[in-house]
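# A look at the structure
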Amino acid sequence: MTTRRHLLLATASLATAVGLPAHAQPLDGPLRLVVPYAPGGSTDRVARLVADKLGPKLGMTVIVENKTGAGGRLAAQQVKTTPANQNVLLLGNPAVMVVAPLVFKDTGYDPDKDYQPVAQASSYEFGVAVGAGVPVRELNHLLAWLRANPSQANFGVPATGSLPHFFGLMVGEKAGVKAQVVGYRGSGPLAADLIGGQVPMAFDTFDTLLPQHEAGKIRILAVSSAKRSPFAPDIPTFREAGLDITADGWNAFFAPASMPAARVEQLGNAIRDVMQDPETVKRFQEARMAPVAASPAQTRAMLDAYRAQWAPVVQKSGYQP
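### Observations concerning the packing of helix α2 (residues 42–58) against helix α10 (residues 278–286)
The contact between α2 and α10 brings their axes to 10 Å, and the two run at 160°. Judged by the angle between their axes, α2 and α10 are roughly antiparallel. Handedness of the α2/α10 crossing: right-handed. The segment α2 lies against α10, with V46, L49, V50, D52 and K53 engaging E279, T280, R283 and F284. Its residues assigned to classes, the contact of α2 with α10 comprises four nonpolar, one polar and four charged.

### With respect to the pairing of strand β7 (residues 180–183)
Note: strand β6 (residues 154–157) against β7, four bridges, orientation parallel. Directly across from F155, in β7, lies its bridge partner V181. What joins β6 to β7 is helix α6 (residues 163–175), and the crossover it makes is right-handed.

### Let's talk about helix α9 (residues 261–275)
If you check α9, its first and last C-alpha atoms are 21 Å apart, about what 15 residues at 1.5 Å a residue would give, namely 21 Å. Counting buried positions along α9 yields 11 of 15 residues, so the element is predominantly enclosed. Within α9, burial applies to A262, R263, V264, Q266, L267, G268, N269, A270, I271, V274 and M275.

### Looking at the pairing of strand β2 (residues 62–66)
Both strand β1 (residues 31–35) and β2 contribute to a ladder of five bridges, which runs parallel. Looking at the pairing, R32 lines up with I63 of β2. Traced from β1 through α2 to β2, the parallel crossover comes out right-handed.

### Quick notes on the packing of α2 against α9
When two helices pack together, their arrangement is captured by the angle between the axes and the distance separating the axes. Orientation of α2 relative to α9, taken along the N-to-C sense of each, is 125°, at an axis distance of 9 Å. Relative to α9, the element α2 lies oblique. Of the two possible hands of crossing, α2 and α9 adopt the one that is right-handed. Contacts between α2 and α9 involve V50, K53, L54, K57 and L58 from the first element and L267, A270, I271, D273, V274 and M275 from the second. Its residues assigned to classes, the contact of α2 with α9 shows eight nonpolar, no polar and three charged.

Basis of the calculations
Residues numbered from 1 in each chain as written. Predicted model: local features only at pLDDT ≥ 70, side-chain atom pairs only at ≥ 80, totals over all residues. Heavy atoms only, no water. Axes fitted to C-alpha atoms, helices over the stretch in contact; angles between N-to-C directions. Helix = DSSP H or I, 4+ residues; strand = E, 2+ residues; numbered from the N terminus. Parallel < 35°, antiparallel > 145°, perpendicular 65-115°, else oblique. Left-handed = near helix turned anticlockwise from the far one by under 90°. Contact = heavy atoms within 4.5 Å. Nonpolar A, V, L, I, M, F, W, Y, C, P; charged D, E, K, R; others polar. Pairing = 2+ DSSP bridges. Right-handed = clockwise from strand over helix to strand, strands pointing away. Expected span 1.5 Å × (residues − 1). Buried < 20%, exposed > 50% of the residue type's maximum accessible area, 1.4 Å probe, protein only.

Here is the structure:
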C-alpha cells in the first residue's frame, strides 16, 4: 500500500532528478515571459531562445509576450501586480531596472520592493562606430577629429536615456570631448543615418552594430568589453585604444514580489540549466550574444554592483526625460 511517506519520497526524488528544490510546488502553466519591447530586438531574442528550452525543461507551455510602451516601464508596471498563483516573469534590462528609477520621479514600480531577481540570462557589450565617410579608422583619431571639428561633435544613440546614451557620455568625459547626444527611435533609424552620413558616430550595442560593420557600411572603432570580442577579434577594446573604460549590459528575469520564494528558486534553477545547455549556448553565440547562467543570489549581486557603477554616471549627466 502506498503511504504518504512514499509519495513524499517520490516527489523529492523527482524534484532532484530535474534539478528543482524538493519543497517547490508544481507549476500550473502556462509560464509567461514578458518582454518590455517589440518583437525582433535583442531582448526579445533572449526571451524566445530561453523559452524554446525552458518549456520542455519544466514540462509546461512557455509563452513570450511583448508589452511595449514608456521605454519598458509599462510592462514593469503591469507584471508587478501579478497574483501569487500565476506564473509570469519580466525580462528586464538596465534601462528598466536601473536607469528609469534614477531619472523618473515615479516609474510606477520599485525594482527592489516589487520584484525578485530570478536569473541573469545574457550579457552584451557596447561599441562606438563611425560612418564609412568619416575619415578616421582608430578611436584616438576619432577623438582628435572631434576636438578639431567641434561643430560635428555629436553622436547618435538608439534612444535617449538608454545605456548607449550614458556610455557615450562616459566615453566623452573620459576623453575630454564634449559631444551632443542625438536620440533615435531604435537602432534601425540610427544605423540608417550613420550609414547615410547624417550623424558622424554612434554608440549602440555591439551585436547590433556588427552586421553593418561586417558589410563595410560602418566601422566599429572599439568595443567596451575587458577583452576583445570573439565575434570580431580584429576590433580593439577601449582600453587597448587608449581609454581605460569598460562597460556591459545584460538581460535578466525578474519575478513579481508576490511569487513564492520556492517557485523563484525553481524557475531560477531551470533557467540556469537552460543557459548551460550546449544547444542554447550555440544559438546565443550565433546571435552574437553571450549566455549567462546565474542563480537568483548571483543576479542580485550583479544588479547591486551595476547600480553602484552606473548611478553616478546617470546622476552626473543631469539627464531629464
